[in-house]
Amino acid sequence: MRRLLAMTAATVAAGTMLGSCTLGPDYRRPEVAAPTAFQYASKDVIDSADTLWWKQFDDPVLDALIDEALAHNSNIAIAAANVEQAAALLPQVRSQLFPQLGYSAGGGRERGREPAFAARLPNDPNPTTAYQAALSASWEIDLWGRIQRQSEATLANLLATNEARRGVVLSLVASVANGYLQLRGLDAQLVVARQTLQTYAESVDLFKLQFKYGQVSQMNVAQAESQYQSAAAQIPLIESNIAQTQNSLAVLVGRNPGPIARGKPLDRLLLPAVPAGVPSQLLERRPDLLQSEQQLVAANAQIGAARALYFPSISLTGAFGGASGELSKLFSGPARVWSYAGSLAGPIFTFGAVSGQVAQAEAAQRAALLSYQLAIRNAFADVDNALVANANLGQQLQAQIRLVAALKEYTTLSRKLYEGGYADYSTVLQAEQALFPAELNLMAIRAQLLASSVNIYKAMGGGWVTQADRLTAGGGRPPPGEAAGPPLF
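Values in this document were obtained by computation on a predicted structure and should not be read as measured data.

**Some words on the overall build of the protein chain**
Within the protein chain, the regular secondary structure consists of 11 helices and 6 strands. A buried classification covers 39% of the 489 residues belonging to the protein chain. Considering only contacts within the protein chain whose residues lie at least 6 apart along the sequence, 84% involve residues at least 24 apart. Surface accessibility of the protein chain: about 26400 Å² in total, with carbon and sulfur atoms responsible for 57%.

Take a look at the structure:
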């Protein structure tokens, strides 16, 4: 036992000294040609990227929906399970850096000769009984850093999986907020459609009464009726969109499809402030970029693991135990068994097996690098697109408000002219047919403007993702597998 312990201690010390030699390139973050500012950055910005920005809408119902989604959404639960799965691989790989200790035990009874022949050898018992027990140890010295590089790659994959989970949190919050805003926009459109339909119904009734007494022609009645039916056809379409949006929201928050509670109307929701930030901050803010970078780290480490296959592997094994013909004397008897050995194995001619793995790892690293660089450019574009959409939608909303006001005045004046006999009903019909879609479009643009703020926060990322992560079922725990040393078993 002392010899085995001494050998184990010596191999651990040797591995500590020799294991520091690792092949392959060490990871360095690639240089990124980040612009100094976003093209369409607003001057009126605040540092709100680390706050729960959806509370700026000032709608408790929206806040409750997001809290419910973070606690019960299935995609977050699936992503968390993926993290646990990735974390389970890390101790498996890291365990190869340390000696593997085990035990074995066995017993048996054997008859080696016929009884008639055995009687001539009274001092040689037959059948015989034997018991044996031993402790064993084995260790592959990571002389070239193959296991260490594999451990680096596994850890990077774990961190990438965790960033993917945080990306699900980011997308979920944005999807719930956008879905709720879309729902409130459809609600507003439904109110406009029903009010317009009621107005058109009153016109139809009035024209029918006037036609009855010969004050208007049948054409006026038909025009009013066609206008009414045109508005009526819009209501089922809006109601269908409302039902589908409600069902999507219900699934997002972890419910079965069904109705969704409403909070403040669309025109009373506050517009969140534009968050401050510079392009270079996206590298630390956005989970998808952090995920892509960790995938690059893993691919970089795999190059060293592949290059180590060119060199020999050194393994040490040892065992110490006891043997006895009686079970009671297995550990107290004089018989001791032990063994220790070392082995060295390496390639000579592999006909491309090792070089192919190295080339594959190097190509995978180049692909990961290009994917990371492309993800960064797409992130810059996402923010610029969200910023310009927010600015233009604000201008579009003001223009649409003015358009609706002008069309309302036009409708009022045309009806007065018609009632005074200075214009025919087609003028009124033309005005009302322009006003109705303009009012529907106004509600849609108002909802789009609010949603554009959501898209800015989604594109910029930030500390709000970490705060939202704490509201999930996992409470935003760090990924498992970060312990300083390996588990014993």
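**A word on the environment of L159**
Considering the arrangement of structural elements, one finds L159 in helix α5 (residues 146-212). Residue classification places L159 among the partly exposed residues on the basis of a relative accessible area of 26%. Along the primary structure L159 and A87 are separated by 72 residues, whereas in three dimensions their C-alpha atoms are 8.9 Å apart.

**What about the nonpolar core?**
Of all hydrophobic cores here, the largest spans 57 residues; its most connected members are W53, W54, F57, L70, V173 and W464. Elements supplying a minimum of two residues to this core: α2 (60-72), α5, α6 (218-252), α9 (353-419), α10 (425-460) and α11 (463-469). Broken down by element, the residue count for this core peaks at 17 residues, all from α5. Membership of the second largest hydrophobic core comes to 19 residues, among which are V274, A299, A368 and A459.

**Concerning unusual backbone geometry**
For D58, which is not a glycine, the phi torsion comes out positive at approximately 60°. With respect to the helices and strands, D58 occurs in the loop between β1 (45-46) and α2. Within the chain, F351 stands out as a residue other than glycine whose phi angle is a positive 55°. Note on placement: F351 falls in the loop between β6 (336-345) and α9. We classify F351 as exposed; its relative accessible area is 81%.

**Some points on the packing of aromatic side chains**
Within this structure, the stated rule accounts for 8 aromatic pairs. Ring plane angle 85° and centroid distance 5.6 Å describe the contact between W53 and W464, whose orientation is recorded as edge-to-face. On the criterion of sequence distance, the pair formed by W53 in the loop between β1 and α2 and W464 in helix α11 is long-range, its members being 411 residues apart. What makes W464 buried here is its relative accessible area of 0%. With 5.4 Å between their ring centres and 65° between their planes, Y418 and Y425 make a pair best called edge-to-face. For Y418, a relative accessible area of 18% corresponds to the buried category. Taken together, the aromatic side chains of W53, W54, Y457 and W464 make up a single cluster linked through ring pairs.

**Here we look at the packing of helix α8 (residues 287-307) against α9**
Running from amino to carboxyl end, α8 crosses α9 at an angle of 165°, the nearest separation of the two axes being 8 Å. With respect to each other, α8 and α9 are oriented roughly antiparallel. Considering how the two elements wind past one another, α8 and α9 form a crossing that is left-handed. Looking at the contact of α8 with α9 residue by residue, the class counts come to 15 nonpolar, 7 polar and 3 charged.

**A short note on the side chain of R165**
Mapped onto the elements of the fold, R165 is located in helix α5. Taking relative accessible area as the criterion, R165 reaches 7% and is therefore assigned buried.

**Here's the deal with the pattern of salt bridges**
Within this structure, the stated rule accounts for 18 salt bridges. Residue R149 is joined to E152 by a salt bridge in which the shortest nitrogen-to-oxygen separation is 3.0 Å. Placement of both R149 and E152 in helix α5 is noted, with a separation of 3 residues, approximately one turn of the helix. Using a relative accessible area of 3% as the deciding quantity, one classes R149 as buried. Look at E152 and you get partly exposed, because its relative accessible area is 30%. Connected via shared salt-bridge partners are D26, R149 and E152.

**Quick look at α6**
Because each turn of an α-helix spans 3.6 residues, side chains separated by three or four positions in sequence point in the same direction. Look at α6: 52 Å from first C-alpha to last across 35 residues, which is about the 51 Å you get at 1.5 Å a residue. Phi for G254, located one or two positions after α6, is positive at around 90°.

**Notes on the packing of α5 against α10**
Viewed as axis vectors pointing N to C, α5 and α10 meet at an angle of 170°, and their least axial separation amounts to 8 Å. Relative to α10, the element α5 lies roughly antiparallel. The residue inventory of the contact of α5 with α10, partitioned by class, reads 18 nonpolar, 8 polar and 3 charged.

**Overview of α5**
For α5, with 67 residues, the first-to-last C-alpha span of 96 Å sits near the 99 Å given by 1.5 Å per residue. Residue G214 follows α5 closely and has a positive phi angle near 75°.

**Quick word on the environment of D267**
Here D267 lies in the loop between α6 and β4 (274-275). The sequence separation of D267 and M443 amounts to 176 residues, and the corresponding C-alpha distance is 8.6 Å.

**A short note on the confidence of the model for the protein chain**
The predicted model of the protein chain has a mean per-residue pLDDT of 85, with 87% of residues at 70 or higher. Highest mean pLDDT in the protein chain belongs to α2 (95); lowest belongs to helix α1 (residues 2-18) (41). Low confidence marks residues 1-19, where pLDDT is under 50. Its contacts with residues over four positions away, or in another chain, come to 27 contacts.

Here is what the cut-offs are and how they apply
- Residues numbered from 1 in each chain as written.
- Predicted model: local features only at pLDDT ≥ 70, side-chain atom pairs only at ≥ 80, totals over all residues.
- Heavy atoms only, no water.
- Helix = DSSP H or I, 4+ residues; strand = E, 2+ residues; numbered from the N terminus.
- Buried < 20%, exposed > 50% of the residue type's maximum accessible area, 1.4 Å probe, protein only.
- Contact = heavy atoms within 4.5 Å.
- Areas by Shrake-Rupley, 256 points an atom, 1.4 Å probe, with all protein chains shown as cover.
- Core = buried A, V, L, I, M, F, W, Y, C linked by side-chain atoms within 4.5 Å.
- Phe/Tyr/Trp six-rings, centres within 6.5 Å; stacked < 30°, edge-to-face > 60°.
- Axes fitted to C-alpha atoms, helices over the stretch in contact; angles between N-to-C directions.
- Parallel < 35°, antiparallel > 145°, perpendicular 65-115°, else oblique.
- Left-handed = near helix turned anticlockwise from the far one by under 90°.
- Nonpolar A, V, L, I, M, F, W, Y, C, P; charged D, E, K, R; others polar.
- Salt bridge = Lys/Arg side-chain N within 4 Å of Asp/Glu carboxyl O.
- Expected span 1.5 Å × (residues − 1).
- pLDDT = per-residue confidence, 0-100.

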